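Okay, here's what each chain looks like letter by letter:
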Amino acid sequence: MRRLPAFAVALGVLLTLLAASPALASSYRYWSFWDGGAKGPWTYATQGTAARPADGTVEGFRFAVSKDAGDQASRPRLDADFAAVCAGTPAVDGKKRVALVIDFGLAQDSPSGETPPQAGPRTACAQVSPDATTAEALASVAKPLRYNSAALLCAISGYPEQGCGEPLAEGAVKDPKAAPGGDGGPSAGLLAGVAAVAALAAAAVWQSRRRSR
C-alpha cells in the first residue's frame, strides 16, 4: 500500500480542523431580551416582549452590537434582583410587579451620531395588570417605544432614534467582556492544530529535499 506524503497528510489534518471550527454568526445592533427570575442569573429570552412575566420577576434589556445567540449576546450589566428594584413599590391587589433593568449599552455600540441616554443601566418597577405583557410593563415606565413593521422592538425611551437590528460586518462586536461567548476568534485548540500542521509540513519539505540529494 502506497504511503501518502507527509505534506498531504498534514494538509488533510488542517482541512479537518478548519471544517470542525464553528462558523461565525452574524453580528447585529439591537435590543436583546433577558429573563432574570427573581434574583438571576440572566437567561436569554426567546419569547420577546409578547411574553407575560410573572409577578415578582425581573426582565432585562440590553442594547449592543453582539451575536444573535443566547450564549453570545451581551447581557445587562446589572444583576437581576427583584427585591432591590421593587423595594420602594408596595404590592397592590389586582396588580403584579415586574422589575425592569434597561441597559442602553456603550457609546461605541451606538448608531452614528447618537449616544446612550445614560452611562449605566436604568431600573424601574412596573406595576401592571396580572395579564400584562413585557411590552406593556416596559411601556408603563420607559416610553416612547419604537417598533418596526414586524413588531420587533427597535427603541426604548426613544433610543436609538434610527435603525432596527441591522446586521453588521464581522468583527463589529466591541464589547467581548459583556458577550460571554467570546469575540468569535479562533480557539486555542485550532491555533495549536494549525501550528502542528505547519511543523509537519516543514518536516515533510526537509525530508523530501534530503531524499532528492
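Here, every reference points to the structure presented above.
Scoring rules and cut-offs
- Residues numbered from 1 in each chain as written.
- Predicted model: local features only at pLDDT ≥ 70, side-chain atom pairs only at ≥ 80, totals over all residues.
- Heavy atoms only, no water.
- Core = buried A, V, L, I, M, F, W, Y, C linked by side-chain atoms within 4.5 Å.
- Buried < 20%, exposed > 50% of the residue type's maximum accessible area, 1.4 Å probe, protein only.
- Helix = DSSP H or I, 4+ residues; strand = E, 2+ residues; numbered from the N terminus.
- Contact = heavy atoms within 4.5 Å.
- Phe/Tyr/Trp six-rings, centres within 6.5 Å; stacked < 30°, edge-to-face > 60°.

Q: How would you sum up the nonpolar core? Please name residues and give values.
A: Across soluble globular proteins, nonpolar side chains have a tendency to be buried as a group. If you look at the biggest cluster of nonpolar residues, it comprises 19 residues, and the most contacted ones within it are Trp31, Phe61, Ile102, Leu138 and Ile156. When residues of this core are traced back to their parent elements, those giving at least two are strand E1 (27-37), strand E3 (57-67), strand E4 (96-103), strand E5 (122-128) and helix H3 (134-139). Here this core gets three residues from one element, more than from any other, and that element is E4. Filtering out sequence-adjacent residues up to four positions away, Phe61 remains in contact with Trp31, Ser32, Phe33, Thr49, Pro76, Leu100, Val101, Ile102, Asp103, Thr134, Leu138 and Ile156. Membership of the second largest hydrophobic core comes to twelve residues, among which are Trp34, Trp42, Val58 and Val101.

Q: Got a sec to walk through the packing of aromatic side chains? Specific residues and values, please.
A: The tally for this structure, following the rule as stated, stands at seven aromatic pairs. Relative to Tyr159, the ring of Phe104 lies with its centre 6.0 Å away and its plane at 70°, an arrangement referred to as edge-to-face. Here Phe104 is found in the loop between E4 and E5, whereas its partner Tyr159 is found in the loop between strand E7 (153-155) and strand E8 (167-168), with 55 residues between them in sequence. Each member of the pair Phe104 and Tyr159 is classed as buried. An aromatic cluster is built from Trp31, Phe63, Phe104 and Tyr159, whose rings are joined through pairwise contacts.

Q: Which residues make up unusual backbone geometry, and what values go with them?
A: Note the cis peptide between Lys143 and Pro144, where omega equals -5°. Following the sequence through the fold, Pro144 ends up in the loop between H3 and strand E6 (146-147). Along the chain, Tyr159 connects to Pro160 via a cis peptide bond; the corresponding omega equals -5°. Along the chain, Pro160 falls in the loop between E7 and E8. Look at Ala151: it is not a glycine, yet its phi comes out positive at around 65°. Counting through the fold element by element, Ala151 comes out in the loop between E6 and E7. The phi dihedral of Ser157 falls on the positive side, at around 55°, and the residue is not glycine.

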